[in-house]
Each structure stands twice: as C-alpha cells, then as structure tokens.
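Chain residues, written in single-letter form:
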Amino acid sequence: MSTQIRTIKARIYSIRRGSIGYSRDAIIIVPGIETAIDAAKFINAKVIWKSRTGIEAIGNVLRVWGKHGQLLVRFRQGLPGQALGDTVDLILNR
C-alpha cells in the first residue's frame, strides 16, 4: 500500500493575537476553501514555510479557525514578521 503525498500552496494571513503572545501560531488561508467544513480535511497536515535565505519553519494544522475556512497552524519555532503574506506548503498524506 503506497501513500500518496499531495502538496498545496497556502498563504499566511496573520499571526494569532492575544495578551500572552502566540508567536508560534499562524492563521493560513487555502485558496478555494470557503467553509469550515471544507477546511476540516486539512487538520493534522504538515506545513512548511521557507524563507528566501533558506530557513525552514515546520508546523502542523491544529484546527479550523473561524467559519470561512482559515486554519490555525502551530510551528515548532516562532515565525518572523517577514513571514506574513508569504506562501507555505501544506503537505497531505492521503
């Protein structure tokens, strides 16, 4: 049985805000996903952000954020501010 790996491009929309500071959490938008039901299939997917200098940040999708299909991603390390608006690779193992 072989696993098919699919990669989808998404965009970092925002860093999660709060009084305690969520620098590791980001909200991403997947093009073509408009509802929370459609976005639920991406839960537990792996996310990779690559900077222009070659630095990688790896994270996982935790849950759906809001009712319009955004996803909450927690990265292993905090993201720099330059990551806002950049694209990430969303890797599905299905």
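The preceding data block contains the structure.
Given the structure is predicted, the values throughout are model-derived calculations rather than measurements.

**Digging into the overall build of the protein chain**
Phase 1 of the analysis: In terms of helices and strands, the protein chain carries one helix and six strands.
Phase 2 of the analysis: Listing every helix and strand of the protein chain by position from the N terminus yields β-β-α-β-β-β-β.
Phase 3 of the analysis: Taking 12 Å as the expected radius of gyration for a compact globule of 94 residues, we find that the protein chain reaches 13 Å, a close match to that expectation.
Phase 4 of the analysis: Reported as C-alpha extents along the three principal axes, the dimensions of the protein chain are approximately 40 × 30 × 20 Å.
Phase 5 of the analysis: In the protein chain, buried positions account for 36% of the 94 residues.
Phase 6 of the analysis: The contacts in the protein chain between residues at least 6 apart in sequence include a share of 61% that link residues at least 24 apart.
Phase 7 of the analysis: Surface exposure of the protein chain reaches about 6200 Å², of which carbon and sulfur atoms provide 51%.
Phase 8 of the analysis: Placing the 15 positive and 6 negative side-chain charges of the protein chain at their respective mean positions leaves the two points 4 Å apart.

Reading the values: the criteria
Residues numbered from 1 in each chain as written. Predicted model: local features only at pLDDT ≥ 70, side-chain atom pairs only at ≥ 80, totals over all residues. Heavy atoms only, no water. Helix = DSSP H or I, 4+ residues; strand = E, 2+ residues; numbered from the N terminus. Rg over C-alpha atoms; globule rule 2.2 N^0.38 Å. Buried < 20%, exposed > 50% of the residue type's maximum accessible area, 1.4 Å probe, protein only. Contact = heavy atoms within 4.5 Å. Areas by Shrake-Rupley, 256 points an atom, 1.4 Å probe, with all protein chains shown as cover. Lys, Arg positive; Asp, Glu negative; His and termini not counted. Charge placed at Lys NZ, Arg CZ, Asp CG, Glu CD.

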